[in-house]
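Geometric and topological summary
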Amino acid sequence: MLDTKDFNFFESQNSFDFKGFLLKIVGYWKWFVLSLLFAFFFAYNVNIRKESVYGMESLIVVEDQNNPFFTSNTSLVFNWGGTSDKVQTIITTLKSRSHNEIVVDKLQYYIKYLKKGEYYFQDVYGETPFYVEIDKTKGQLYGQLINIKFLSPSQYQLSVDFGEATSATIMQYSDLLSNPVNVPGGEFKKVYKINEQVTLPFLNLKVIIKPDAYEYTNQEYYVRFDDFNGTVANYKGIDVSADLKALSVVRLQMEGSNKYRLVEYLNTTVDVLRKIQLESKNQFANNTIAFIDSTLREMEGQIKEAENELKEFRKGKNIFELEDGGGVLSSKLSNYDIEKDAIDRKLAYYNLLKNYLDKTTDYAKLPAPAVAGIDDPNVVSNVAKLIELSSERARMSYSVKNKGMFSDFDVKMEATKKVLLENIASSKSALALDLSLIKRNIAKAEGEASLLPENKQEHIKITRKYNLKDRIYSTFLEKRSEAEIVKAANISDIKFLDPAKDLGGGLRGPKTSVNYILAAMFGFLLPLLVVFVITLLDNSINTTDDIKKLTAIPLIGVIGKKNTENNLSVFEKPKSPLAESFRAIRSSLQFMYKKQQKDGTKILMLTSSVSGEGKTFCSINLATVFALSDKKTVIVGLDLRKPRIFGDFNIDNITGVVNYLIGQKTIDEVIQKTHIPNLDVIPSGPIPPNPSELLMSDAMGEMIEELKTKYDYIVLDTPPVGLVSDALELAHFCDATLYVTRQGFTKKGMLSVVNDKHKRGELHNVSIVFNGFQNKAKYGYGYGYGYGYGYGAYGEGYHDDVKSKSGWKKVLEKLKKNS
């Protein structure tokens with residue numbers, strides 16, 4: 001009795017055969033080789049079509065460069081804060097859009113110089129024998145290749161292929177305005193001289209040859225005008241970072257396809273920053289000089305007027321007599337006047353500063369407090385801080401769109417302004433006391449002077465006026481000189497430690513090794529995934545182990561793949577392994593008959609699950625094996641719906657089983673001889689409308705009985721049990737039933753059909769034949785299966801020698817067949 005688990009198909013499907021999967025991978029080795037070859041070929045083509053990427057870097061150091069002429073009275077140095085603040089400010093500035101716009105505009109990097117390579121246009125900036133000079137106020141053809149071919153050392157051909165377009169876009173780089181313009185369709189060509197101005201509706205430039213250019217005749221280059229903002233955005237991605245070990249050191253790094261551009265940009269961006277930073281440091285001095293210059297221009301007339309008045313008064317008078325008795329008093333009054341003027345200038349500066357703070361928001365042009373003789377460190381530092389914040393805000397207003405950042409600046413400026421107003425109030429209070437004291441001293445001295453003669457009093461008055469103007473003028477000249485000295489002595493806080501330089505190398509990409517590694521990975525994984533999917537979806541019987549797992553019905557034999565064009569494999573190649581496998585089945589059947597003590601004629605039925613599993617092939621060759629052993633054998637074609645057994649014997653199907661069953665012909669009239677000794681065939685005959693009823697009729701039993709009297713073996717070729725029930729109606733005539741399965745064709749679920757039939761007793765003495773077996777790893781079957789139980793294993797030459805054809809011969813043979 002069979003165990004019920006042997007018929008449980010679904011239970012057997014729950015386990016995954018890893019060994020079979022690995023063997024199947026080996027079986028599809030060609031897929032893996034082809035996939036890897038394709039992947040490596042693809043990676044190779046990607047690598048050769050990618051531009052080389054280089055990396056360049058430079059190092060700068062940020063230091064506190066104190067002005068050697070700095071004193072409390074000449075505090076005109078612009079202050080960026082401590083070193084750490086400076087570093088962060090510099091990093092932010094180098095990455096800002098406004099700064100990179102200045103650099104890109106200076107270097108004109110929106111003009112691309114290209115040369116056509118094998119796979120792409122190469123950036124040859126710095127390597128061309130020429131450069132173009134453009135008028136930024138005039139339009140340039142935007143985003144299109146302009147071909148420049150040198151015909152001679154003094155001439156070149158300019159060409160543009162517009163294709164079918166009749167309009168193009170031009171860009172004015174002075175204001176970044178773009179406008180459409182009409183262009184001639186097709187290709188525009190024109191010859192120009194070197195240094196000749198090109199004036200076209202879509203192009204305004206001049207080609208200038210570099211001084212070191214040579215042998216450029218017949219050389220061909222391309223120029224393209226790109227988007228300014230897009231170019232800035234590319235260079236805005238510069239990598240700027242502070243060194244973790246030395247916070248004052250800043251590292252600048254860039255990557256690109258042109259090393260000359262990288263080196264030039266890294267060095268220029270630092271030079272531009274140094275210039276801006278130095279200008280910021282000189283802001284105090286420039287404001288002071290501008291303020292003093294305006295004051296001196298105003299005072300020149302006043303001094304000249306006072307000088308003329310003094311000369312006019314002294315004209316015709318004795319100077320010694322005028323100065324006698326009043327010289328000391330005049331000197332004292334002059335000193336008091338100078339002291340009073342210094343206080344008045346300070347108060348005037350404070351009033352001006354307060355009015356400026358109350359009514360203005362741009363503090364970048366504030367003059368230094370030192371211009372008025374103010375040396376209060378609180379006032380000096382706060383004014384410097386306010387100028388710094390105001391200048392920085394003005395610079396960022398051109399590039400920064402983040403309103404929150406402006407709010408931060410406004411909060412800082414408002415806080416500084418509030419502190420500065422408090423400083424002004426306290427300083428003015430102190431100056432008011434000093435002013436009242438000096439006024440009392442002046443009043444006392446003037447009282448003394450009033451006792452002098454009238455002409456001497458007038459002389460003292462005029463002299464005081466002139467001395468005051470002259471002293472003020474001299475003081476301003478001294479302050480202006482100090483400001484000029486401070487400005488000249490100022491140096492940038494940014495210094496190059498290591499400027500960018502092309503020393504060869506610097507290659508960063510493309511990372512060809514990574515591409516090849518990825519190609520190897522995907523080239524292996526893709527077929528692996530396909531094989532895995534095939535394995536999961538493969539529900540076919542591929543090995544004898546599959547049969548053993550799915551059923552307890554015994555496996556009587558394994559049949560190899562057909563080695564002939566027709567089904568007569570045993571007769572045509574009687575010594576082949578395939579013929580030996582049928583003999584092995586014959587031996588097993590004879591053992592079975594002997595065990596059953598079966599004498600007389602043996603009836604053998606062959607069936608299968610569906611068509612195409614080799615049932616007819618097995619019937620013919622098994623009958624041939626019996627016939628070649630001198631046993632009278634007949635094959636009865638009982639597959640009335642799809643008769644096909646007659647074709648291999650070159651006989652017709654006009655008369656057969658159907659004619660006998662309906663009483664048209666006798667048994668001898670339907671039996672047909674074959675060219676194989678001892679083997680006869682009864683074909684199916686014409687296809688009837690009621691095949692099942694004919695096979696169930698009494699005439700069928702009568703035919704079997706008549707055949708028993710004539711033959712030793714009767715082989716019944718029946719329809720598949722998985723499709724129709726005809727074979728089940730014939731099972732009671734048979735001594736044994738062979739259920740044919742085929743490797744890679746029969747579905748595992750089909751065995752449940754024969755399991756059920758056998759379990760219910762509808763099929764008895766049933767055995768399974770495994771047909772079409774190939775010992776290939778792709779079926780997950782990596783070990784040999786001995787056909788014929790080892791005959792010829794020791795070289796006796798029992799089997800026919802089968803020479804395997806070479807690969808190219810197989811290809812030629814397939815081509816011949818297809819043709």
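We now turn to the structure provided with this report. (Residues numbered from 1 in each chain as written. Predicted model: local features only at pLDDT ≥ 70, side-chain atom pairs only at ≥ 80, totals over all residues. Heavy atoms only, no water.)

Turning our attention to the sheet that holds strand β5 (residues 140–141). Taken in spatial order, the three strands make up an open sheet running β5-β8-β9, and their pairing is antiparallel. The outermost strands of the open sheet, each flanked by one partner alone, are β5 and β9 (177–182). (Pairing = 2+ DSSP bridges. Helix = DSSP H or I, 4+ residues; strand = E, 2+ residues; numbered from the N terminus.)

Now for empty space enclosed by the protein. According to the stated counting rule, one finds one cavity of 30 Å³ or more in the structure shown. Of the voids in this model, the largest cavity is the one considered here, and its volume is about 40 Å³. Together, K615, T616, G637, L638, D639, K642, P643, R644, I645, S684 and D717 line the largest cavity. (1 Å grid on protein atoms, 1.4 Å probe; cavity = no way out; pocket = protein on both sides within 12 Å on 5 of 7 lines; lining within 4 Å. Points joined across faces, edges and corners; volume = space filled by probe spheres on them.)

This brings us to the packing of helix α5 (residues 97–107) against helix α6 (residues 228–235). At their nearest, the axes of α5 and α6 sit 9 Å apart, and the two run at 115° to each other. Classified by the angle between their axes, α5 and α6 sit roughly perpendicular to one another. Here α5 and α6 pass one another in a crossing that is right-handed. Contacts from R97, N100, E101, V104 and D105 in α5 reach F228, N229, T231, V232, A233 and Y235 in α6. (Axes fitted to C-alpha atoms, helices over the stretch in contact; angles between N-to-C directions. Parallel < 35°, antiparallel > 145°, perpendicular 65-115°, else oblique. Left-handed = near helix turned anticlockwise from the far one by under 90°. Contact = heavy atoms within 4.5 Å.)

Attention shifts here to the packing of α5 against helix α7 (residues 259–281). Contact geometry for α5 and α7: axes closest at 10 Å, N-to-C directions at 120°. Here α7 runs oblique to α5, going by the angle between their axes. The element α5 and its partner α7 pack so that their crossing is right-handed. Contacts between α5 and α7 involve H99, N100, I102, V103, V104, K106 and L107 on the former and, on the latter, E264, Y265, T268, T269, V272, L273 and I276. Its residues assigned to classes, the contact of α5 with α7 shows eight nonpolar, four polar and two charged. (Nonpolar A, V, L, I, M, F, W, Y, C, P; charged D, E, K, R; others polar.)

This paragraph deals with the pairing of strand β4 (residues 130–134). The side-chain alternation of β4 yields one buried face, formed by F130, V132 and I134, and one unburied face, formed by Y131 and E133. Pairing between β4 and strand β12 (residues 203–209): five bridges, direction antiparallel. Across the sheet, the residue bridging to E133 is K206, located in β12. (Buried < 20%, exposed > 50% of the residue type's maximum accessible area, 1.4 Å probe, protein only.)

Applying the stated rule across the entire model yields 15 salt bridges. Residue K136 pairs with D105 through a salt bridge whose shortest N-O separation is 3.0 Å. Separated by 31 residues along the polypeptide, K136 in the loop between β4 and β5 and D105 in helix α5 bring together distant segments of the chain. One network of salt bridges, in which partners are shared, links E57, D243 and R251. (Salt bridge = Lys/Arg side-chain N within 4 Å of Asp/Glu carboxyl O.)

Our next topic: the pairing of strand β2 (residues 111–116). Consecutive side chains along a regular strand alternate between the two faces of the sheet. Looking at chain direction, β2 and strand β13 (residues 220–225) are connected through four bridges and run antiparallel. Directly across from I111, in β13, lies its bridge partner F225. The pairing of β2 with strand β3 (residues 121–123) spans three bridges and is antiparallel. Residue K116 lies in a different strand from β3, and its bridge partner there is F121. Counted between consecutive antiparallel strands, the loop separating β2 from β3 contains four residues.

Of all hydrophobic cores here, the largest spans 65 residues; its most connected members are F130, F150, Y156, F202, L203, F225 and L252. The leading source of residues in this core is α7, at eight residues. Not counting residues up to four positions away in its chain, the partners in contact with F225 are Y110, I111, I134, Q140, L141, Y142, G143, I146, Y173, L203 and L205. Listed in part, the 43 residues of the second largest apolar core include I541, L550, I714 and Y739. (Core = buried A, V, L, I, M, F, W, Y, C linked by side-chain atoms within 4.5 Å.)

This brings us to unusual backbone geometry. A positive phi angle is found at E215, which is not glycine, with a value near 50°. Classification of E215 by relative accessible area gives exposed; the value is 71%. Positive phi values are uncommon outside glycine, yet N218 reaches one of about 70°. Its place among the elements puts N218 in the loop between β12 and β13.

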